[in-house]
Amino acid sequence: MADMRLIVAGAGGRMGRTLIKAIAETEGTTLVGAVEGPRSPFIGQDSGVLAGLGENGILIASDVKARSSKADGIIDFTTPQATVALAALAAQAGIIHVIGTTGLGSEEEAKLKDAAKSAVIVKSGNMSLGVNLLAALAKRVAKSLGEDFDIEILEMHHNKKVDAPSGTALLLGRAAAEGRQVALDMRSVRARDGVTGARKVGDIGFATLRGGTVVGEHSVIFAGPGERLELSHRAEDRMIFARGALRAALWAHGKKPGLYSMVDVLDIGDI
């Protein structure tokens, strides 16, 4: 079987470079395009050199559409605005779109759902295999323990991260809310300051830490009467997100149009 031909969006960034390296190391995948925004200082540079691999002949460009005709999929860890545009392009070109972008709003999510009518889209707030298994466990524990146990989600990232709570924290919060059969938007508490009063039963709290070069740390805490259960994940290398994204891309090859998640990729919906 021929290799899956992939474009990396945001190729000059930290995740973009990691993805380029991961594709070079992953059997069954090949890089056919590396793209950045038109004002990027990386335009025209060799993507392999930027990724620390040496020259690969794939120069970073801004024209995604021109490269989509020679690709099977695009992997996208960029910005919400860019992701929406790439989803529309993927739908038009009939290629797979793997999305690791975080910070998407409700309008942007709606546009992705619309694009998924014509494109195969796999989207996750975190592409790590371990984090997605953690989410499945959080959902199961939340269902089993009930509202006698308060749920708090703690996350920490590097000091350059621009959105909070992280996409992963929200992924975990949604999983816990699904376990309780409630809507996260109706029960989440994002900030506490001053005299807040007692904690409301059933709330799902979020705490955010930023500092240094932390790749990502997340804990789901279930605090009950006289005992506490903590489920945690620590990311030590961005390569785990790249490997997960490539697994998602390979899984999506040949699937029908639709909006999928890592739950589908890992087949863990019944945990």
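Going by the structure above, here's the rest.
Residues numbered from 1 in each chain as written. Predicted model: local features only at pLDDT ≥ 70, side-chain atom pairs only at ≥ 80, totals over all residues. Heavy atoms only, no water.

Caption draft 1: Region of the structure containing the side chain of Lys123. Within the secondary structure, Lys123 is located in strand β6 (residues 120–123). A polar contact is formed between the side chain of Lys123 and the side chain of Glu109, at a distance of 3.3 Å. Non-local contacts of Lys123, meaning those with residues more than four positions away in its chain, are made with Ile99, Leu104, Glu109, Leu112, Leu259, Tyr260, Ser261 and Met262. (Helix = DSSP H or I, 4+ residues; strand = E, 2+ residues; numbered from the N terminus. Polar contact = N/O pair within 3.5 Å; in protein donor to acceptor, adjacent residues only side chain to side chain. Contact = heavy atoms within 4.5 Å.)

Caption draft 2: How the structure looks around the nonpolar core. One finds Leu19, Ile75, Phe77 and Val98 to be the most contacted residues of the largest nonpolar core, which totals 35 residues. Of all the secondary structure elements, the ones that give two or more residues to this core are β1 (4–9), α1 (14–25), β2 (29–35), β5 (96–99), β6, α9 (239–252) and α10 (262–266). When residues of this core are assigned to their parent elements, the largest contribution, 8 residues, is made by α9. The residues touching Phe77, leaving out its near neighbours within four places in the chain, are Ala9, Met15, Leu19, Gly100, Thr101, Met127, Phe241 and Ala245. Listed in part, the 22 residues of the second largest apolar core include Ala142, Ala169, Leu171 and Leu172. (Core = buried A, V, L, I, M, F, W, Y, C linked by side-chain atoms within 4.5 Å. Buried < 20%, exposed > 50% of the residue type's maximum accessible area, 1.4 Å probe, protein only.)

Caption draft 3: Geometry of the environment of Asp237. Mapped onto the elements of the fold, Asp237 is located in the loop between β11 (227–235) and α9. For Asp237, a relative accessible area of 44% translates into the label partly exposed. Along the sequence, Asp237 and Val32 sit 205 residues apart, while their C-alpha atoms lie 25 Å from each other. Engagement of the side chain of Asp237 in a polar contact is seen with the backbone nitrogen of Met239, the distance being 2.9 Å.

Caption draft 4: Highlighting unusual backbone geometry. At the junction of Ala164 and Pro165, the peptide bond is cis and its omega measures out at -10 degrees in the coordinates. Mapping Pro165 onto the fold places it in the loop between β7 (150–157) and α7 (167–180). If you check the backbone angles, Gln181 has positive phi at about 60 degrees while not being a glycine. Looking at the secondary structure, you find Gln181 in the loop between α7 and α8 (184–187). Backbone geometry places Asp267, a non-glycine residue, at a positive phi of 55 degrees. Looking at the secondary structure, you find Asp267 in the segment after α10.

Caption draft 5: Region of interest: the sheet that holds β5. Spatial ordering of the open sheet is given by β3-β2-β1-β4-β5-β6-β12, a layout of 7 strands whose pairing is parallel. Two strands bound the open sheet, and with one partner strand each, they are β3 (60–61) and β12 (258–260). Note: β1 against β2, 6 bridges, orientation parallel. Bridge pairing in β2 links Arg5 to Thr30. Lying on the sheet, α9 is in contact with β1, β2, β4 (73–76), β5, β6 and β12; it crosses β5 at an angle near 155 degrees. (Pairing = 2+ DSSP bridges. Axes fitted to C-alpha atoms, helices over the stretch in contact; angles between N-to-C directions.)

Caption draft 6: Up close: the packing of α1 against α9. Here α1 crosses α9 at 60 degrees, and the two axes come no closer than 9 Å. Taken together, α1 and α9 sit at an angle that is classed as oblique. Crossing angle aside, the handedness with which α1 passes α9 is right-handed. Every residue of α9 that contacts α1 at Met15, Thr18, Leu19, Lys21, Ala22, Ile23 and Glu25 is listed here: Met239, Phe241, Ala242, Ala245 and Leu246. Its residues assigned to classes, the contact of α1 with α9 shows 9 nonpolar, 1 polar and 2 charged. (Parallel < 35°, antiparallel > 145°, perpendicular 65-115°, else oblique. Left-handed = near helix turned anticlockwise from the far one by under 90°. Nonpolar A, V, L, I, M, F, W, Y, C, P; charged D, E, K, R; others polar.)

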